[in-house]
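Residue-level structural notes
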Amino acid sequence: MFPRWLFRQVDGSRSDRFWSSYLRMNCLLIIIGYVLVVFKIFAGISVLACLFGILVFRLRRTPHRTRLVALGGAFFYSSLESQSWWVHLRQKLRKRWAIFYRDLRRWHFSHRTIELFAFWVVFVLSVYIRSYDALVHAAPSMSDGYTTLTWAKYIDMNQLFHDGIYPQGFYIYIALIGKLALVNLLYILKYSGAFNNSLVVWSIYYTLKNLTGKANGALVGMALYGVFGYLILQDDWSRVGASLSQEFSFVFALPVLVFAYKYLKSGRPEEGYTVFFGLSAAGLSHPFGYALALLCAGSPLLAEWLVQHLRWNRKMTWMTGAILASLFVTLWPLAVGRLLGHAVNAASVTFIHAHQAIPFPQLTWLDILGAACSMFLCVIGVLHVLRGDSLTLSIALAGLLMFTLYEWLAPLSQSVALSSRAIDMWAIIEALVIGYTVYLLLSFFPVRAWWQWTQAVGIYALFQGAVAFCGVNPIIPYKLLSNHNVEQYLQIVKQQTNGSYFLVAPDQYYSLVLDTGYLMHVNAFVHEFNPKARIPLTAYGAGKPSLAIPHDVYIIYPKHLYEINPSLSIYPIEKKIYQQDELAYRNLAHWLRQYQSAGHSLQIEYDGPNTTVYLIYNNK
């Protein structure tokens, strides 16, 4: 609704209008979120007030009739004529039904029906792979998921750059949804990951279908990344099943390529604005997402420059200006953070500056195929340049540049950050390159009805055969906390809606408890409170319970200490924490025995095969 009112719509299909609106609206909301958090007024009502303020400013600059249409049009206009709004609504629905019925009668079974069916099969399967973990398991995925939840809650609490300067776009996105939906941010964290990772899959299909006008290559590219992406990403496959800022920023990359190519051909300003907003949204969310978006914007620019025989024109100048302006927007939070007295996030600085001897990646057969397709497209692209078409060369340049980064530049730089993240960007571009190559090869054959049928049926049969041969399993990333314990935390939150509970648990629960209650580490609890005191929860040396402790004190006691898979790279770090937690829980077990032997009541809220939850009342 708001994008239609706030922005001038691009010419094209519904998919074009959706992606243009999505890129511009996300960028606008992230910028509004930054400004509101800086002034400590980030709230749902303030965001809506900003949007309505922009809407009023825009309507003041449009003709009177356009204002009425933008404001909802028919309802307002019919009220001026003393007509009931429901009468107009009924007429509008009847008209829409007539159009739908007419199209339904004209429908006939064709190769497009098979392509549409294949699209939904591939897309639904891709969504299932990415959303299964969020729907079934309660705990956030991967260690970065807990950081994401923590920083989103800091944004919700109007605290910008609490742990140092870092792009906050994704955290503003989660916090804003939480402000409007009024639900626990843990749910938004989990489901937003599945949603955005599914959008990345759709962006591959949208890019190829929009640029080529054919569904054959688009289906191949979407299936390759959406269903069989583990063949490319390998160990990083679990990342597309988690809620991470890098994967959120990838959503904007490929649509930027589409609108950059269209703008360089048509010169329509709405498409140029979309490129700027898409680049800015990616830059405000994650550095590597911005790098991928820059590649997607720069490749059509470079290809068009070659098509124009190295002559620079006005459209190229405006495109370069959009790229430079997005760089300014991307660096703006850094300047704001420095002015507010914050330093750059220490963990990010350590990760960026980490260098070590890195071997060249072992190429899989799909990597070799992607590189071969890029070189093939480069040859064909040079031939297409002679007839003024830059599309093939644009995709070829994106493929060659990204493969060069992945295979050679990243290892030679000895940068841990670049080497570990290059494969994530290469996987998306590889699916795009292979899908476009399939389209190009099939386009060499004459267009015949039987050949279109053969393509559609053949691609779908090939996909089903690959699924049957390779198998499909949902992504289940590792968890720092067990699902049983997080489920019990959610039960506590449901009971304590006023946020006045006190949880005794390890530090891993900090992101969950933040802004919903109070957390004390097990060791701190054992060493602070005297289990033999006459009144429960009385600190050592005190005569009465602490007034700072809420009435309800929950203790999560695991019967079996949860550990992640020892094969994971972060296990050596977590192993030290597990050893500390094991000692802390031994002390807690001894404390609980002394507490009960002193005659105090210890209520059991939950007792399961893996976890026991105790409840102590603080009668202060």
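Below is a short write-up of the structure. (Residues numbered from 1 in each chain as written. Predicted model: local features only at pLDDT ≥ 70, side-chain atom pairs only at ≥ 80, totals over all residues. Heavy atoms only, no water.)

Read across the sheet, five strands follow the order β2-β1-β5-β7-β6 without closing on themselves; strand pairing throughout is mixed. Taken across any chain shown, the strands that pair with only one partner, and hence form the sheet edges, are β2 (518-520) and β6 (603-607). This sheet shows a mean twist of 25 degrees between the axes of neighbouring strands, independent of strand direction. Both strand β1 (residues 501-504) and β2 contribute to a ladder of three bridges, which runs parallel. Of the residues in β2, the one forming a bridge with Val504 is Met520. In this fold helix α26 (residues 571-597) packs onto β5 (552-558) and β7 (611-617), with an angle of close to 125 degrees to the strand it touches most, β5. (Pairing = 2+ DSSP bridges. Helix = DSSP H or I, 4+ residues; strand = E, 2+ residues; numbered from the N terminus. Axes fitted to C-alpha atoms, helices over the stretch in contact; angles between N-to-C directions. Contact = heavy atoms within 4.5 Å.)

So, about the environment of Gln452. The residue Gln452 is located in helix α22 (residues 449-470) in this model. Taking relative accessible area as the criterion, Gln452 reaches 19% and is therefore assigned buried. (Buried < 20%, exposed > 50% of the residue type's maximum accessible area, 1.4 Å probe, protein only.)

Next up on the list: the packing of helix α15 (residues 269-283) against helix α16 (residues 287-307). α16 packs onto α15 with a crossing angle of 155 degrees between their chain directions and a minimal axis gap of 7 Å. Classified by the interaxial angle, the pair formed by α15 and α16 is roughly antiparallel. Relative to α16, the crossing made by α15 is left-handed. Along its contact with α15, which presents Val275, Leu279, Ala282 and Gly283, the element α16 presents Gly289, Tyr290, Ala293, Leu294 and Ala297. Looking at the contact of α15 with α16 residue by residue, the classes come out as seven nonpolar, two polar and no charged. (Parallel < 35°, antiparallel > 145°, perpendicular 65-115°, else oblique. Left-handed = near helix turned anticlockwise from the far one by under 90°. Nonpolar A, V, L, I, M, F, W, Y, C, P; charged D, E, K, R; others polar.)

Take a nonpolar patch on the surface next. Nonpolar side chains collect at one region of the surface, where Leu324, Leu327, Leu331, Leu334 and Val344 lie side by side and expose about 410 Å² of accessible area between them. Note on placement: Val344 falls in the loop between α17 (314-339) and α18 (346-353). (Patch = residues over 30% accessible without salt bridge, like charges linked within 9 Å, V, L, I, M, F, W, Y side chains within 5 Å. Areas by Shrake-Rupley, 256 points an atom, 1.4 Å probe, with all protein chains shown as cover. Salt bridge = Lys/Arg side-chain N within 4 Å of Asp/Glu carboxyl O.)

Right, let's talk about the packing of helix α9 (residues 169-181) against helix α10 (residues 185-212) for a bit. The contact between α9 and α10 brings their axes to 10 Å, and the two run at 120 degrees. Between α9 and α10, the interaxial angle falls into the category oblique. The interaxial crossing formed by α9 with α10 has right-handed handedness. Residues Phe170, Tyr173, Ile174, Ala175, Ile177 and Gly178 of α9 touch α10, and the partners they reach there are Leu185, Ile188, Leu189, Ser192, Phe195 and Asn196. Residue classes in the contact of α9 with α10 are distributed as nine nonpolar, three polar and no charged.

Right, let's get into the nonpolar core. The nonpolar side chains of soluble globular proteins are, as a tendency, buried together. Counting 162 residues, the largest nonpolar core has Trp19, Tyr225, Leu292, Ile429 and Leu503 as its most contacted members. In terms of residue count, helix α21 (residues 416-443) provides more of this core than any other element does, 16 residues in total. Excluding its chain neighbours within four sequence positions, the residues that come into contact with Leu503 are Ile492, Tyr509, Val513, Tyr518, Leu519, Met520, Tyr554 and Ile556. Core analysis: the next-biggest nonpolar cluster, separate from the first, contains 20 residues, Val526, Tyr585, Leu602 and Tyr614 among them. (Core = buried A, V, L, I, M, F, W, Y, C linked by side-chain atoms within 4.5 Å.)

Let us look at the environment of Asn485. Positionally, Asn485 belongs in helix α23 (residues 483-495). C-alpha of Asn485 to C-alpha of Ala138: the two residues are 347 residues apart in sequence and 8.8 Å apart in space. Looking at Asn485, its side chain comes within polar contact range of the side chain of Thr611, at 2.4 Å. (Polar contact = N/O pair within 3.5 Å; in protein donor to acceptor, adjacent residues only side chain to side chain.)

On to unusual backbone geometry. Apart from glycine, the bulk of residues carry a negative phi angle, and the bulk of peptide bonds sit in the trans form. Unusually for a residue other than glycine, Leu182 sits at a positive phi of about 60 degrees. With relative accessibility at 72%, the residue Leu182 sits in the exposed group. Backbone geometry at Gln234 places phi at a positive 55 degrees, although glycine is not the residue there. Position of Gln234 among the secondary structure elements: in the loop between α12 (230-233) and α13 (245-250).

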